[in-house]
Structure formats: structure tokens, C-alpha cells
Amino acid sequence: MSFIVAIDGPAGAGKGTITKLVGEKLGLINIDTGATFRCVALNMIKENVDITDEAKIKEILKKINIEIRPNGEIFLNNEKVTKRIRENDVNNLVSPVSTIRIVREKLLDIQRKMAEGKNVIMEGRDIGTTVFPNADVKIYLDATPEERARRRVLQNEEKGIVSSYEEVLENIKDRDKRDSTREIAPLKKADDAIYVDSTNLNIEQVVEKIIGIINDKNIVNFEFDSNN
Ligand code: DC
């Protein structure tokens, strides 16, 4: 029997960091579904496939092999792409790629298989609404666009990238709009998801809050070891 924690929310809300830490503390396998969309975008870049070329996209999807290893490394068709999928060309292509119906259908299948028979914490935009509508715990992690932009600028600084707050904020608002207004599986809080606003919380406080929510569910058949 598998136990599923779904973490949804907009770009920059801290899903990646929080999901990794909660997963480590509770012994849950961490599945970053954004990485699966990024793999499709990278595959299209590598094979020079245009976003409007549905026949070629179909070909790619037929052969695609995406692996998320327990140590978090991502493999696309047996090649390690963990860092490559975070580069600018992929950043720019991934949001439009995620609106393509056949891409979402194929990835839905891959994402469900990734969780089969395992205890997982899965992060994305549509986990609680579409991928696992019966997830044991659903969390919608949010923060104001201004706070998310501030965090992104700091993250960029740490990587040695200079970015303007105004541009980053604009970009975040654009992405929010595209992710939440697309036709298929838009970014949306599931009715039964618990809303967590991280605007005024630090990482440790968010982790603690989410672990509290998971423990409160008090699921039988699953024992957490939250002391490590
Ligand atoms: O979380 P991320 O930035 O790696 O996600 C990349 C893109 O993939 C983002 O524009 C939204 C999309 N995405 C999605 O549509 N559904 C998901 N479950 C995860 C990501």
C-alpha cells in the first residue's frame, strides 16, 4: 500500500526545498514532477522539435525514459540531466510544453507509475487535483508573488547571477497566470488541500508545519520516524 503526500503550489513557493527536507525526515521518496516536464522540454531541444510539431512530439513521447533516482539525480534516456534541466533554454520552453495535452497525458502515466507501491511526497501543480486526487495528505504551499520574487533574486545571487527584482516579479506573475489559466490540469488548490502560506515563515517553520499536518492525519499502516 502506498502513502502519498501531494504538495502543490506556484513557482517559487519553496516546494522543492520543503519537499526534500520533509521527505528526508519522514522517509518518503521525493518525486519532483516539474522535472518530468523539464525532461520533455530538454528532449525536444536536443532533437530540434518545434512546439507546434505534434507528430514529432508524439515520437519523442513514445521513446522517452525518465528516471528520478532515490538520491534525486534525474536521468533522461539514460543520460544524467539533473543540472541541465535547470538551464535557461529549458526554463523558457517548459511552461508552454506543459500545456500540451499529449505531454500531460504521457507524464500523468509516468508520474503515477513512479509512485506505485511506494511512500512518496510528490510536488507539482496538479498532484492533489489530477495525479492523485485520493492522496492521503494534500498541501497547497503558497507565498505572495513579491516574496517569491525576493527569494528567487537571493537564490540567483547565491549562484552568482545578477537579476532585477522587477523583472523576476514580472516573470513570476506571467508564469502564475499561464499555469493557472491553462485548459488542462491548471494550477489550483484542491478543495480538500490544506493551505499553507509561507510568506512570513522560514524554511524550518514550514517544514515543521507540514510535518505536523502529516502527523495529524494519523494514518494507520504507516509509521513515521520523524526523529532522524
Ligand atoms: O516546478 P518547476 O518550475 O520545475 O515546473 C516546471 C514547469 O512545469 C512549470 O511551468 C509548470 C509545469 N508543471 C506542471 O504543469 N505540472 C506539474 N505537476 C509540475 C510542473
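In this text the structure is predicted, and so the values were computed from the model without any measurement.

(A) Main features of the pattern of salt bridges. A full pass over the atoms with the stated rule returns 18 salt bridges. Between Asp109 and Lys113 there is a salt bridge; the shortest N-O distance is 3.1 Å. Note that Asp109 and Lys113 are positioned in helix 5 (residues 101-115) at a spacing of four residues, about one turn of the helix. The exposure class assigned to Asp109 is partly exposed, which follows from its relative accessible area of 36%. Where salt bridges share partners, they join Arg84, Glu87 and Asp89 into one cluster.

(B) Looking closely at the packing of helix 2 (residues 33-46) against helix 5. Put simply, helix 2 and helix 5 touch, their axes get as near as 10 Å, and they point 135 degrees apart. Classified by the angle between their axes, helix 2 and helix 5 sit oblique to one another. Here the hand of the crossing between helix 2 and helix 5 comes out right-handed. Contacts between helix 2 and helix 5 involve Thr33, Thr36, Phe37 and Val40 from the first element and Val103, Arg104, Leu107, Gln111 and Met114 from the second. Classifying every residue of the contact of helix 2 with helix 5 by side-chain character gives five nonpolar, three polar and one charged.

(C) The packing of aromatic side chains, seen in detail. Within the structure shown, the criterion is met by one aromatic pair. Taking the centre distance of 6.0 Å and the plane angle of 15 degrees together, the rings of Tyr140 and Tyr195 count as stacked. Residue Tyr140 is found in strand 7 (residues 137-142), and its partner Tyr195 is found in strand 8 (residues 194-197); the two are separated by 55 residues along the sequence. Classification of Tyr195 as partly exposed rests on a relative accessible area of 43%. The ring of Phe75 has Arg69 sitting right over it, with the charged end atom 3.6 Å from the ring centre.

(D) Here's a closer look at helix 8 (residues 165-181). Here helix 8 is 17 residues long and its end C-alpha atoms lie 24 Å apart, about the 24 Å a rise of 1.5 Å per residue gives. Every buried residue of helix 8 is listed here: Val168, Leu169, Ile172, Arg175, Asp176 and Asp179. All buried residues of helix 8 lie within an arc of 130 degrees about the axis, which places them on one face of the element. Of the residues in helix 8, the exposed ones pointing more than 90 degrees away from the buried face are Glu166, Glu167, Lys177 and Thr181. Buried positions along helix 8 lie against helix 2, helix 4 (88-97) and helix 7 (145-158).

(E) Geometry of the environment of Ala35. Tracing the chain through its elements places Ala35 in helix 2. Each C-alpha atom, one on Ala35 and one on Ile68, is 8.6 Å from the other, the two residues being 33 residues apart in sequence. If near-sequence neighbours (up to four positions away) are discounted, Ala35 is found in contact with Ile74, Ile85 and Arg86.

(F) Quick look at the environment of Arg182. Within the secondary structure, Arg182 sits in the loop between helix 8 and strand 8. Separated by 152 residues in the primary sequence, Arg182 and Asn30 place their C-alpha atoms 26 Å from one another. Each residue touching Arg182, except ones within four places of it in the same chain, is listed here: Ser98, Thr99, Arg104, Arg125 and Leu187. Of the polar contacts made by the side chain of Arg182, one reaches the side chain of Ser98; its length is 3.4 Å.

(G) Unusual backbone geometry, seen in detail. Positive phi, close to 45 degrees, is recorded for Asn77, a residue that is not glycine. Tracing the sequence through the fold places Asn77 in the loop between strand 4 (74-76) and strand 5 (79-80). Since its relative accessible area comes to 33%, Asn77 is described here as partly exposed. One non-glycine residue with positive phi stands out, namely Ala185, at about 40 degrees. On the secondary structure map, Ala185 appears in the loop between helix 8 and strand 8.

(H) A look at the site of the ligand. Within the structure, the ligand sits among 15 residues, and Arg38, Arg104, Asp126, Arg175 and Arg182 are positioned closest to it. Between the ligand and Arg104 there is a distance of 2.8 Å, counted from an oxygen atom to a side-chain nitrogen or oxygen. Here the ligand, which alone exposes 450 Å², has 95% of that area covered by the protein. For the shell around the ligand, the secondary structure elements donating two or more residues are helix 2, helix 4 and helix 8. When residues in the shell around the ligand are grouped by element, the largest group, four residues, is from helix 2.

Calculation criteria
- Note on numbering: residues in each chain are counted from 1, in written sequence order.
- In keeping with the model being predicted, local features are shown solely for residues with a pLDDT of at least 70 and side-chain atom pairs are shown and tallied solely at 80 or more, while totals for entire chains, interfaces and linings include all residues.
- For the side-chain quantities, the full set of heavy atoms in the structure was used; hydrogens and water were omitted.
- By salt bridge we mean one thing: a side-chain nitrogen of Lys or Arg within 4 Å of a carboxyl oxygen of Asp or Glu.
- Secondary structure counts use DSSP, requiring at least four H or I residues in a row for a helix and at least two E residues in a row for a strand, with both numbered from the N terminus.
- Three labels apply to residues, based on accessible area from a 1.4 Å probe with only protein chains included: buried if under 20% of the type maximum, exposed if over 50%, partly exposed otherwise in between.
- Lines are fitted to the C-alpha atoms to define the axes, a helix being fitted only along its stretch in contact, and any angle between axes, read from their N-to-C directions, falls within 0 to 180 degrees.
- In what follows, roughly perpendicular refers to angles from 65 to 115 degrees, roughly parallel to angles under 35, roughly antiparallel to angles over 145, and oblique to any angle outside these ranges.
- For a crossing to be left-handed, the near helix must be turned anticlockwise from the far one by less than a right angle; the clockwise case is right-handed.
- Throughout, a residue-residue contact means that at least one pair of heavy atoms, one from each residue, lies within 4.5 Å.
- Residue type decides the class: Asp, Glu, Lys and Arg count as charged, Ala, Val, Leu, Ile, Met, Phe, Trp, Tyr, Cys and Pro as nonpolar, and the leftover types, Gly among them, as polar.
- Aromatic rings from Phe, Tyr and Trp, with only the six-membered ring used for Trp, were paired whenever their centres fell within 6.5 Å, and each pair was classed as stacked if the ring planes differed by under 30 degrees, edge-to-face if by over 60, and tilted otherwise.
- Two thresholds decide whether a charge sits over a ring: the Lys NZ or Arg CZ must be within 6 Å of the ring centre and within 35 degrees of the ring normal.
- Helix span, expected: 1.5 Å multiplied by one less than the number of residues in the helix.
- Working definition: the arc comes from the directions between the helix axis and the C-beta atoms, pointing outward to the latter.
- Definition of a polar contact: a pair of N or O atoms within 3.5 Å, with one able to donate and the other able to accept a hydrogen when the atoms are protein atoms, and with sequence-neighbouring residues admitted only if both atoms are side-chain atoms.
- If even one non-hydrogen atom of a residue comes within 4 Å of a molecule or strand, that residue is called near it.
- To measure how exposed things are, a 1.4 Å probe is used in the Shrake-Rupley method; for residues, cover is taken only from the protein chains shown.

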